[in-house]
Amino acid sequence: MSIGPAWYLGLAAVLFALGAIGVMVRRNVLVMFMCIELMLNAANLTFVTFSRVLGDVGGQSLVFFVLVVAAAEVVVGLGVVVAIFRRRASTTADDLHEMLG
Amino acid sequence: MNALVAATIPDAVTFAVCAVVVLSGGIGVVTSRNPVHAALSLVMTLFGVAVLFIEQHAYFLAAVQVIVYAGAIVVLFLFVIMFLGVDREEDLRAEPLRGQRPLALVLGAISLAGVLALSATANWVTGAHKVAGGLTAGHHTDTFLLGKSIFTTYLWAFEITAALLVIAVVGAVVLARRPSSTRDEGSPTPATERDGGPVPAGEPAAAPNEPAAVPNEPAAAPGSHEKVEVAR
């Protein structure tokens, strides 16, 4: 039999915390996007684990939808980054302070 | 701990190796100075998670994870990184916002501790089993069950994701399209303005898109490396 679910959940929690720290720490917008992907993967791992524990296919379906939404999010997000780069020639979040009051 | 003992040796070894791969990849994403290295570390994490999916008998999702995430999303990241030419090393020691990093570490540790405490103390296997259809029903594969679930129970959500993808594609095209020649402020901003330096007087304000950045370049020659970045 496989490893117990607690190990998977612990690993997912650590991965999620890593992604959250990355979003808070990094200043490159592209790397921040990658850290968001880390968090999404942690959530996916949790979904699959609970899907196995509960014997329910719903968790796997949800992972499928998360994948789709992640793809859409990355497409739009990178489009925004490219559009910003046209104007500011920078992908650093600190330089994007035009909307300061 | 009981569960680990009950597991077979190959399962335990697989999980341990994948956990190391996933976490080192994640640390690589967070700490890499070069965005390209961060993207490659992300690939490592995604493969580790895919193997963990296989370990939990989610074979279809593992394949989709590799194809969609590692094959499409990361390639999109790499494409944008290299297209924008931002694949230079970033100085991670500079800390423009004072106290940001310790605070971020503290917040991350708090959230991790919260999640772990929650999963350790709460009764986390709750709810009814097999609400959306059993995962081990009969001798069907997970792909069959997942497809049946998506095309029956979650059909409406599936249709909505189709609309979402179309909207995302249209939005990306609109965002990435170069503005037409009627614009005057949508032109590629020369790097001199960003640095606060004087914009050359002879800047062709309504010049066609592509050459607009080029004539400025010699005028902005002795500048910092943002200009070099634009030139790339």
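Residues numbered from 1 in each chain as written. Chains lettered and ligands numbered in written order. Predicted model: local features only at pLDDT ≥ 70, side-chain atom pairs only at ≥ 80, totals over all residues. Heavy atoms only, no water.

Q: What is the right way to look at the overall build of chain A in this model?
A: The helix and strand tally for chain A stands at 3 helices and 0 strands. Residues classed as buried in chain A amount to 64% of the 101 residues present. Entry remark: accessible area of chain A is about 3300 Å², with carbon and sulfur atoms responsible for 76%. (Helix = DSSP H or I, 4+ residues; strand = E, 2+ residues; numbered from the N terminus. Buried < 20%, exposed > 50% of the residue type's maximum accessible area, 1.4 Å probe, protein only. Areas by Shrake-Rupley, 256 points an atom, 1.4 Å probe, with all protein chains shown as cover.)

Q: Even after reading the chapter, I still don't get the overall build of chain B, so can you show me in this structure?
A: Secondary structure summary: chain B contains 10 helices and 0 strands in total. Along chain B, helices and strands appear, N-terminal first, in the series α-α-α-α-α-α-α-α-α-α. Looking at the 232 residues of chain B, the share that counts as buried comes to 34%. Accessible area of chain B: about 13400 Å², with a carbon and sulfur share of 71%.

Q: Is there a simple way to explain the nonpolar core in this structure?
A: Nonpolar side chains tend to gather and get buried jointly when the protein is soluble and globular. Core analysis: the biggest nonpolar cluster contains 61 residues, and A:Leu30, A:Met34, B:Leu42, B:Leu52, B:Phe53 and B:Phe77 have the highest contact counts within it. Among the secondary structure elements, those contributing two or more residues to this core are α1 (5-25), α2 (29-54) and α3 (58-88) of chain A together with α2 (9-31), α3 (35-55), α4 (59-84) and α6 (142-153) of chain B. Both domains that meet at this core, namely domain 1 (9-89) and domain 2 (141-177) of chain B, each give it at least three residues. Setting aside residues up to four positions removed in sequence, A:Met34 forms contacts with B:Val29, B:Pro35, B:Ala38, B:Ala39, B:Leu42, B:Phe77 and B:Ile81. (Core = buried A, V, L, I, M, F, W, Y, C linked by side-chain atoms within 4.5 Å. Domains from an automatic or database assignment. Contact = heavy atoms within 4.5 Å.)

Q: Sorry, what's going on with the environment of B:Leu23 here?
A: Mapped onto the elements, B:Leu23 comes out in helix α2. The exposure class assigned to B:Leu23 is partly exposed, which follows from its relative accessible area of 23%. Here the alpha-carbon distance between B:Leu23 and B:Thr45, two residues 22 residues apart in the chain, equals 7.1 Å. Contact partners of B:Leu23, with chain neighbours within four places excluded, come to A:Leu11, A:Val14, A:Leu15 and A:Leu18.

Q: Which parts of the structure should I look at to understand the interface of chain B and chain A?
A: Reports often express the size of an interface as the amount of accessible area lost when the parts come together. Across the boundary between the two partners, chain B contributes 95 residues, which contact 74 residues of chain A. Between chain B and chain A, a total of about 7600 Å² is buried, with carbon and sulfur atoms accounting for 73% of that surface. Linking chain B to chain A there are 0 salt bridges. Between the two partners, chain B and chain A, sit 7 residue pairs in polar contact (both at pLDDT 80 or more). (Buried area = accessible area lost by both parts, 1.4 Å probe. Salt bridge = Lys/Arg side-chain N within 4 Å of Asp/Glu carboxyl O. Polar contact = N/O pair within 3.5 Å; in protein donor to acceptor, adjacent residues only side chain to side chain.)

Q: What should I look at first to understand the side chain of B:Asp142 in this one?
A: As for its position among the elements, B:Asp142 is in helix α6. Not counting residues up to four positions away in its chain, the partners in contact with B:Asp142 are A:Gln60, B:His57, B:Ala58, B:Tyr59 and B:Phe60.

Q: Would you mind going over the packing of aromatic side chains with me for this structure?
A: Each pair of aromatic rings is reported with the distance of its centres and the angle of its planes. Throughout the structure, instances matching the rule amount to 8 aromatic pairs over all chains. Between A:Trp7 and B:Phe15, the aromatic rings sit 6.4 Å apart at their centres with planes inclined by 80°, giving edge-to-face as the arrangement. Pair noted here: A:Trp7 is in helix α1 and B:Phe15 is in helix α2, and the two residues belong to different chains. An aromatic cluster of three or more residues is present, and its members are A:Phe64, A:Phe65, B:Phe151, B:Tyr154 and B:Phe158. (Phe/Tyr/Trp six-rings, centres within 6.5 Å; stacked < 30°, edge-to-face > 60°.)

Q: Teacher, can you tell me more about unusual backbone geometry here?
A: Most peptide bonds adopt trans geometry, and most residues besides glycine take a negative phi value. Even without being glycine, B:His57 reaches a positive phi, approximately 65°. Position of B:His57 relative to the elements: it lies in the loop between α3 and α4.

Q: What exactly am I supposed to notice about the packing of α3(B) against α4(B) here?
A: A packed helix pair is summarised by two numbers, namely the angle formed by the two axes and the spacing between the axes. Residue and element names in this part refer to chain B. Two elements in contact, α3 and α4, have axes separated by 9 Å at closest approach and are oriented at 175°. Classified by the angle their axes make, α3 and α4 are roughly antiparallel. Residues Pro35, Val36, Ala39, Leu42, Val43, Leu46, Phe47, Val49, Ala50, Phe53 and Ile54 of α3 touch α4, and the partners they reach there are Tyr59, Leu61, Ala62, Gln65, Val66, Tyr69, Ala70, Val74, Phe77, Leu78, Ile81 and Met82. (Axes fitted to C-alpha atoms, helices over the stretch in contact; angles between N-to-C directions. Parallel < 35°, antiparallel > 145°, perpendicular 65-115°, else oblique.)

Q: What's the story with helix α7 (residues 155-176) of chain B in this structure? I'm lost.
A: Because the α-helix completes a turn every 3.6 residues, residues three or four places apart line up on one side. For α7(B), with 22 residues, the first-to-last C-alpha span of 32 Å sits near the 32 Å given by 1.5 Å per residue. The complete set of buried residues in α7(B) reads B:Thr161, B:Ala168 and B:Ala172. Axial view of α7(B): buried residues confined to an arc of 25°, hence all on one face. Facing away from the buried side of α7(B), by more than 90 degrees, are the exposed residues B:Trp156, B:Val166, B:Ile167 and B:Val174. Elements in contact with the buried residues of α7(B): α3 of chain A. (Expected span 1.5 Å × (residues − 1). Arc of directions from axis to C-beta.)

Q: Whenever I open this one, the side chain of B:Asn34 confuses me. Can you help?
A: One can find B:Asn34 in the loop between α2 and α3. Engagement of the side chain of B:Asn34 in a polar contact is seen with the backbone nitrogen of B:Val36, the distance being 3.0 Å.

Q: What is the right way to read the environment of B:Leu175 from this model?
A: Within the secondary structure, B:Leu175 is located in helix α7. According to the relative accessible area criterion, B:Leu175 is partly exposed, its value standing at 28%. Among residues more than four places away in sequence, those in contact with B:Leu175 are A:Val76, A:Gly79, A:Val80, A:Ala83 and A:Arg86.

Q: I would appreciate a short explanation of α2(A) in the present structure.
A: All names here are of chain A. Between its terminal C-alpha atoms α2 stretches 37 Å, which fits the 38 Å expected from 26 residues at 1.5 Å a residue. Where α2 begins, the side chain of Asn28 points an oxygen toward the backbone nitrogen of Leu30, at a separation of 3.0 Å. Once α2 finishes, Gly55 follows within two positions and takes phi at roughly 65°, a positive value.

Everything listed here is a matter of coordinates, which is why it stays silent on function.
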